[in-house]
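Take a look at the letters that make up each chain.
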Amino acid sequence: FFHWFDYMSWYPLGRPVGTTIYPGMQITAVAIWRALGKLGSAISLNDVCCLVPAWFGVSASILVGLFAAECSGRKSAGAFAALIMAIVPAHIMRSVAGGFDNESVATTALVATFYCWVRALRDRPTARDGEATADSYAFGLLCGLAYVYMVSAWGGYVFVVNMIGAHAAALAAGGRCCSKLL
């Protein structure tokens, strides 16, 4: 993969594919294919590549539901948000089975990053003055991993870091700065 050179694109020079794309989606597909093989499934890599967008589309819808429930504090809002995400045409276009493109994986990573960020900032009644808890550290770590995964899969990763920075700045400006933000 990393040594793949496509002579048919960027004619007449060609293109070193492995070093000029975001490899997250391809690595994800191979990892899923290998994991399914170890579990005894005889599914082909081509079939995995066809199904990855649908699997990640479902994951993104579930994560949007979790994100909405976390932000609103209401499970019904989460269920409604997941339903809306599942039927939004722009999301369906990027998560249809057979459409092996970066956006299907990136949307899931984007929403996972936002959910983990908000979840890491959750207030806990037993914590003093916004003190970080074990959950805060765990979800902060998961937020970082989801962000790194998104960087490996999509060029729009700058949007996420800007939104998290803007949210942290708004919290600080609003007087809600705590050790969890640092």
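Residues numbered from 1 in each chain as written. Predicted model: local features only at pLDDT ≥ 70, side-chain atom pairs only at ≥ 80, totals over all residues. Heavy atoms only, no water.

A short note on the packing of helix α2 (residues 24-38) against helix α3 (residues 45-72)
Between two packed helices, what matters for the description is the angle formed by their axes and the separation of those axes.
1) Next: Following both chains from N to C, one finds α2 and α3 inclined at 110 degrees, their axes separated by 9 Å at the closest point. By the criterion of interaxial angle, the relationship of α2 to α3 is roughly perpendicular. At the point where α2 passes α3, the crossing takes the right-handed sense. Contacts between α2 and α3 involve Met25, Thr28, Ala29, Val30, Ile32, Trp33 and Leu36 from the former and Leu45, Val48, Cys49, Val52, Pro53, Trp55 and Phe56 from the latter.
2) Next: Broken down by class, the residue content of the contact of α2 with α3 amounts to 13 nonpolar, one polar and no charged. (Axes fitted to C-alpha atoms, helices over the stretch in contact; angles between N-to-C directions. Helix = DSSP H or I, 4+ residues; strand = E, 2+ residues; numbered from the N terminus. Parallel < 35°, antiparallel > 145°, perpendicular 65-115°, else oblique. Left-handed = near helix turned anticlockwise from the far one by under 90°. Contact = heavy atoms within 4.5 Å. Nonpolar A, V, L, I, M, F, W, Y, C, P; charged D, E, K, R; others polar.)

With respect to the packing of aromatic side chains
1) Next: Tallied over the entire structure, the rule returns four aromatic pairs.
2) Next: For the ring pair phenylalanine 114 and phenylalanine 159, a centre distance of 6.3 Å and an interplane angle of 75 degrees mean the geometry is edge-to-face. Within this pair, whereas phenylalanine 114 is found in helix α6 (residues 102-120), its partner phenylalanine 159 is found in helix α8 (residues 157-173), the two being separated by 45 residues in sequence.
3) Next: A residue is classified by how much of its surface remains accessible, and phenylalanine 114, at 16% relative accessible area, is buried.
4) Next: Note on tyrosine 115 and phenylalanine 139: the rings are 6.3 Å apart at their centroids and 90 degrees apart in plane angle, and the pair reads as edge-to-face. Of this pair, tyrosine 115 sits in helix α6 while phenylalanine 139 sits in helix α7 (residues 134-153), placing them 24 residues apart in sequence. With respect to class, tyrosine 115 is no different from phenylalanine 139; both count as buried. (Phe/Tyr/Trp six-rings, centres within 6.5 Å; stacked < 30°, edge-to-face > 60°. Buried < 20%, exposed > 50% of the residue type's maximum accessible area, 1.4 Å probe, protein only.)

Overview of the confidence of the model for the protein
1) Next: Per-residue confidence for the protein gives a mean pLDDT of 88; residues scoring 70 or more make up 94%.
2) Next: Helix α1 (residues 17-20) is the least confidently modelled element of the protein, averaging 78 in pLDDT, while helix α4 (residues 75-87) averages 96, the highest of any element. (pLDDT = per-residue confidence, 0-100.)

Considering a nonpolar patch on the surface
1) Next: A cluster of nonpolar side chains, contributed by Phe80, Leu83, Ile84, Ile87 and Ile92, occupies part of the molecular surface with about 470 Å² of accessible area.
2) Next: Tracing the sequence through the fold places isoleucine 87 in helix α4.
3) Next: Residue class for isoleucine 87 comes out exposed when judged on its relative accessible area of 52%. (Patch = residues over 30% accessible without salt bridge, like charges linked within 9 Å, V, L, I, M, F, W, Y side chains within 5 Å. Areas by Shrake-Rupley, 256 points an atom, 1.4 Å probe, with all protein chains shown as cover. Salt bridge = Lys/Arg side-chain N within 4 Å of Asp/Glu carboxyl O.)

Observations concerning the nonpolar core
1) Next: Formed by 25 residues in total, the largest nonpolar core has its most connected members in Leu110, Trp117, Val160 and Ile164.
2) Next: With ten residues, the top contributor of residues to this core is α6.
3) Next: Contacts of valine 160, omitting those with residues within four sequence positions, involve Leu110, Thr113, Phe114, Tyr147 and Met150.
4) Next: Judged by nonpolar contacts, the second largest core, of eight residues, contains Met25, Val48, Val52 and Ala153. (Core = buried A, V, L, I, M, F, W, Y, C linked by side-chain atoms within 4.5 Å.)

Let's talk about α2
1) Next: For α2, spanning 15 residues, the distance from its first C-alpha to its last is 21 Å, which sits close to the expected 21 Å at 1.5 Å a residue.
2) Next: Tucked inside the fold, the buried residues of α2 contact α3, α6 and α7.
3) Next: A positive backbone phi angle near 100 degrees is found at glycine 40, which sits one or two residues after α2. (Expected span 1.5 Å × (residues − 1).)

Some thoughts on the packing of α2 against α7
1) Next: Packing of α2 against α7 brings their axes to within 6 Å, and their N-to-C directions diverge by 110 degrees. Of the possible angle classes, the one that applies to α2 and α7 is roughly perpendicular. Residue-level inspection shows Gly24, Met25 and Thr28 of α2 in contact with α7, the latter providing Tyr149, Ser152 and Ala153.
2) Next: Its residues assigned to classes, the contact of α2 with α7 comprises three nonpolar, three polar and no charged.

A look at the pattern of salt bridges
1) Next: Following the criterion strictly, the structure yields two salt bridges and no others.
2) Next: A salt bridge links arginine 122 to glutamate 70; its shortest N-O distance comes to 2.6 Å. One end of the pair, arginine 122, is in the loop between α6 and α7; the other, glutamate 70, is in helix α3, and 52 residues separate them in sequence.
3) Next: The exposure class of arginine 122 is partly exposed, given its relative accessible area of 38%.
4) Next: The shortest N-O distance in the salt bridge between arginine 119 and aspartate 135 comes to 3.8 Å. Of this pair, arginine 119 sits in helix α6 while aspartate 135 is found in helix α7, placing the two residues 16 residues apart along the sequence.

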